[in-house]
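Architecture at a glance
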Amino acid sequence: MQAQSDTQRSENGRIFREAWIAGVRKHYPGDPKPGYVAPWDETPDWERQAASAVYRQVADFVAVSGGATDKLTREQKGRFVALCWIVQIYKHIPDPKPSYVADWDALPEWQQQTDIDIFEEIEKRA
């Protein structure tokens, strides 16, 4: 895959973050924690890096599949985002809380739906 510029990585991370915020606002029951909907500029550096990396992983996955990701179920799409995110958590946080690295079945419904929405947003752009 082709190397990305810092500007492109930042833009991809923003797209990921905006999709996350939109998903949280749509699916979270009640009022989400402020950190869940903090804008890009208020997002910690590690989280920006992780968002950019996961965006790239999803976009690359869509590209190498030749567009066949449209055959995946919504759950499969969300599972891919969740797994990519877990790896980023391990990369950036030495001893994460178990809830940060929970497997798909342990995630709350709102988070599963948000991860699905993120995949589909990136898929549209890839």
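What counts and what doesn't
- Residues numbered from 1 in each chain as written.
- Predicted model: local features only at pLDDT ≥ 70, side-chain atom pairs only at ≥ 80, totals over all residues.
- Heavy atoms only, no water.
- Salt bridge = Lys/Arg side-chain N within 4 Å of Asp/Glu carboxyl O.
- Helix = DSSP H or I, 4+ residues; strand = E, 2+ residues; numbered from the N terminus.
- Buried < 20%, exposed > 50% of the residue type's maximum accessible area, 1.4 Å probe, protein only.
- 1 Å grid on protein atoms, 1.4 Å probe; cavity = no way out; pocket = protein on both sides within 12 Å on 5 of 7 lines; lining within 4 Å.
- Points joined across faces, edges and corners; volume = space filled by probe spheres on them.
- Nonpolar A, V, L, I, M, F, W, Y, C, P; charged D, E, K, R; others polar.
- Core = buried A, V, L, I, M, F, W, Y, C linked by side-chain atoms within 4.5 Å.
- Contact = heavy atoms within 4.5 Å.
- Axes fitted to C-alpha atoms, helices over the stretch in contact; angles between N-to-C directions.
- Parallel < 35°, antiparallel > 145°, perpendicular 65-115°, else oblique.
- Expected span 1.5 Å × (residues − 1).
- Phe/Tyr/Trp six-rings, centres within 6.5 Å; stacked < 30°, edge-to-face > 60°.

Details of the pattern of salt bridges
Close approach of charged atoms allows side chains with opposite charge to pair. Considering all chains together, one arrives at 13 salt bridges under this definition. The salt bridge involving Asp-6 is made with Arg-9; its shortest N-O contact spans 2.1 Å. One end of the pair, Asp-6, and the other, Arg-9, are both in helix α1 (residues 6-27), 3 residues apart, so they sit about a helical turn from each other. Looking at Arg-9, the relative accessible area reads 33%, which means it is partly exposed. Note that Arg-14 and Asp-41 form a salt bridge whose closest N and O atoms lie 3.4 Å from each other. Residue Arg-14 is located in helix α1, and its partner Asp-41 is located in the loop between α1 and α2 (45-64); the two are separated by 27 residues in the primary sequence.

Observations regarding the layout of surface pockets
The space that makes up the largest pocket amounts to roughly 710 Å³. In terms of lining residues, the largest pocket is bounded by 26 residues, among which Trp-20, Tyr-36, Trp-85, Tyr-100 and Gln-111 are the most central. Only α1, α2, α3 (74-92) and α4 (109-125) provide two or more residues apiece to the lining of the largest pocket. Here the lining of the largest pocket takes 5 residues from α3, the largest share from any one element. Looking at the lining of the largest pocket residue by residue, the classes come out as 18 nonpolar, 3 polar and 5 charged.

Brief notes about the environment of Pro-39
Among the structural elements, Pro-39 can be located in the loop between α1 and α2. Pro-39 gets classed as partly exposed once you look at its relative accessible area, which sits at 40%. Separated by 18 residues in the primary sequence, Pro-39 and Ile-21 have C-alpha atoms spaced 8.3 Å apart.

Some remarks on the nonpolar core
Nonpolar side chains in soluble globular proteins tend to end up buried together. Among the nonpolar cores identified, the biggest contains 27 residues, and Phe-16, Val-54, Val-58, Val-81, Ile-118 and Ile-122 are the most heavily contacted of them. The set of elements that each furnish at least two residues to this core consists of α1, α2, α3 and α4. Leaving out residues up to four positions away in the same chain, Val-81 has contacts with Phe-16, Val-54, Val-58, Asp-115, Ile-118 and Phe-119.

What about the packing of α3 against α4?
One way to put it is that α3 packs onto α4 with a least axis distance of 7 Å and a crossing angle of 95 degrees. One element, α3, and the other, α4, form an angle in the roughly perpendicular class. The residues of α4 that touch α3, namely those facing Arg-74, Glu-75, Lys-77, Gly-78, Phe-80, Val-81 and Ala-82, are Gln-113, Asp-115, Ile-116, Asp-117, Ile-118, Phe-119, Glu-120 and Glu-123. Across the contact of α3 with α4, the residue classes tally to 6 nonpolar, 2 polar and 7 charged.

Examining α1
The end-to-end C-alpha separation of α1 is 31 Å, in line with the 32 Å expected for 22 residues at 1.5 Å each. Those residues of α1 that fall on the buried side of the exposure criterion are Asn-12, Gly-13, Ile-15, Phe-16, Arg-17, Ala-19, Trp-20, Ile-21, Gly-23 and Val-24. Of the surrounding secondary structure, the elements contacted by the buried residues of α1 are α2, α3 and α4.

Re the packing of aromatic side chains
A full pass over the atoms with the stated rule returns 10 aromatic pairs. On the numbers, 4.9 Å between centres and 70 degrees between planes, the contact of Tyr-28 with Trp-110 is edge-to-face. One end of the pair, Tyr-28, is in the loop between α1 and α2; the other, Trp-110, is in helix α4, with 82 residues separating them in the sequence. For the residue pair Tyr-28 and Trp-110, the accessibility class agrees, reading buried in each case. Arranged with centres 5.3 Å apart and planes meeting at 40 degrees, the rings of Tyr-36 and Trp-110 form a pair that is tilted. Taken as a pair, Tyr-36 in the loop between α1 and α2 and Trp-110 in helix α4 lie far apart in primary sequence, 74 residues in all. Classification of Tyr-36 by relative accessible area gives partly exposed; the value is 24%. Judged by relative accessible area, which is 10%, Trp-110 ranks as buried. Grouped by ring-pair contacts, the aromatic residues Trp-20, Tyr-28, Tyr-36 and Trp-110 constitute a single cluster.

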